[in-house]
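Letter by letter, the chains look like this.
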Amino acid sequence: MGSLGHIEASINKINEEEDEAGIYALHLALAYTVPPVLKAAIDLSLLDIIAESSSLSGEFLSAAQVAAKLPTKNLEAGAMIDRMLRLLASYSLLRASSRPEQSGSGKVERVYGIAPAGKFFVKSQDNGSLASLLPLACHRATWEVGCGLKDMILEGGDIYQKVHGMSLFQYMNKDPTFNKIFNAAMADFTIITMKKILDTYKGFDGLTSLVDVGGGIGASLNMIVCKYPSIKGVNFDLPYVVKHAPTYPGIEQIGGDMFVSIPKGETIMIKCTLHNWNDQQCIAILKNCYNALPEKGKLIVMDFVLPMEANGSWADKHVAELDNIMLIQQGGQERTVKDLESLCKQSGFSHFEFICYAHTIGVMEYYK
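Let me begin by describing the structure that accompanies this report. (Residues numbered from 1 in each chain as written. Predicted model: local features only at pLDDT ≥ 70, side-chain atom pairs only at ≥ 80, totals over all residues. Heavy atoms only, no water.)

1. What to know about helix H15 (residues 314–329)
An α-helix turns once per 3.6 residues; consequently, residues spaced three or four apart project the same way. Along its 16 residues, H15 runs 22 Å from first to last C-alpha, staying within 8% of the 22 Å computed at 1.5 Å per residue. Buried residues in H15 make contact with helix H7 (140–146), helix H8 (149–155), helix H9 (159–164), helix H10 (168–174) and strand S8 (298–304). Two residues or fewer after H15 comes Gly331, characterised by a positive phi angle close to 80°. (Helix = DSSP H or I, 4+ residues; strand = E, 2+ residues; numbered from the N terminus. Expected span 1.5 Å × (residues − 1). Contact = heavy atoms within 4.5 Å.)

2. Some thoughts on the sheet that holds strand S4 (residues 209–213)
Across the sheet, 7 strands lie side by side as S6-S5-S4-S7-S8-S10-S9; this open sheet has mixed pairing. Two strands bound the open sheet, and with one partner strand each, they are strand S6 (251–255) and strand S9 (351–358). With direction set aside, neighbouring strand axes in the sheet form an average angle of 20°. Sheet topology places S4 next to strand S7 (residues 267–271); 3 bridges connect them, and they run parallel. Following the sheet pairing, Val211 is matched in S7 by Ile268. Of the strands in this sheet, S4, strand S5 (232–237), S6 and S7 touch helix H12 (residues 219–227), which is tilted by about 160° from S4. (Pairing = 2+ DSSP bridges. Axes fitted to C-alpha atoms, helices over the stretch in contact; angles between N-to-C directions.)

3. Observations concerning the packing of helix H3 (residues 46–56) against helix H5 (residues 77–90)
The contact between H3 and H5 brings their axes to 12 Å, and the two run at 75°. Of the possible angle classes, the one that applies to H3 and H5 is roughly perpendicular. In this structure, H3 uses Leu46, Leu47 and Ile50 to contact H5, whose residues at the interface are Ile81, Met84, Leu85 and Leu88. (Parallel < 35°, antiparallel > 145°, perpendicular 65-115°, else oblique.)

4. Considerations on the packing of aromatic side chains
Where two aromatic rings form a pair, the distance of their centres and the angle of their planes describe that pair. Per the stated rule, a full pass over the model turns up 10 aromatic pairs. A centroid spacing of 5.2 Å and a plane angle of 90° characterise the contact between Tyr171 and Phe178, whose relative ring orientation is edge-to-face. Here the aromatic cluster, defined as three or more aromatic residues joined through ring pairs, consists of Tyr290, Phe349, Phe352 and Tyr366. A cation sits over an aromatic face here: Lys317 above Trp314, 5.3 Å from the ring centre. (Phe/Tyr/Trp six-rings, centres within 6.5 Å; stacked < 30°, edge-to-face > 60°. Lys NZ or Arg CZ within 6 Å of the ring centre and 35° of its normal.)

Right under this line is the structure:
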């Protein structure tokens, strides 16, 4: 039988765990505040202002100093910005400390510097930025669709179709502004992920031609060709997408439908595209890739990999969030390595090999 002190300690631990659970639940209930605050901070270039000061002099800035760099006559801007920066600091996007106010009033003020995670949202950095994802996340079309998840679970069907009267890709075709926001987000996201892939994966070495299926405006393929200039690239996507693609040296832009046919190539790649579609649609796409490859040809598949079991890591949370974005917006899904290997076999490929991870993206090779 345990001592009274041991029993009291066990009870206190249980109470602490319950308190933590309650606080965590309250946090989740109010987490919807983060995307609009982060978007406003990005729109106002608050992180850029703070990051520039951190890189030039190492100086932390107060909210008043940040507000002084904005074109505002709002006398409350500094106090309002301080509340926004305090929230972002609580999410480890900024570093925060305190110091006496420079006015000599005797009061203490908070000051902020950029944190490692916050650097990914700085628009002016050369290594890519996630800043352009926020206009997509906060777009009215995105939020309206998200509110329809319950109806989709109970009634079935395509939420985008029910809410907007058309699919996501039809909506993009109809709304040029939304299409621009979507493509900008994907292009910037590509810079970050492709840098990691090119640092990790060596399977492009020695290739002479490469077709990128669902390649958007060609940002991924351009990064590959820049590193491997011997590759002749073909960027393949829907006509209304490639119509807005920039001209890249060594890359031909071809519009078409991957469900109908795919341009032939020595090697084909498909990056973060299969997760947009259900299994049968993926098999149809992969069979067209198979048919477009020469004997012994290779398909490089890069897609988010869902852990088999929920483990609570940031990587697990990220892919699970993406999986539910696919559920809400497009009817696609994230998959485990076993799921992706199964798609390989069902579409006729003879061999599957998992090569490496780049952040939460798995790089795999399917052999004809």
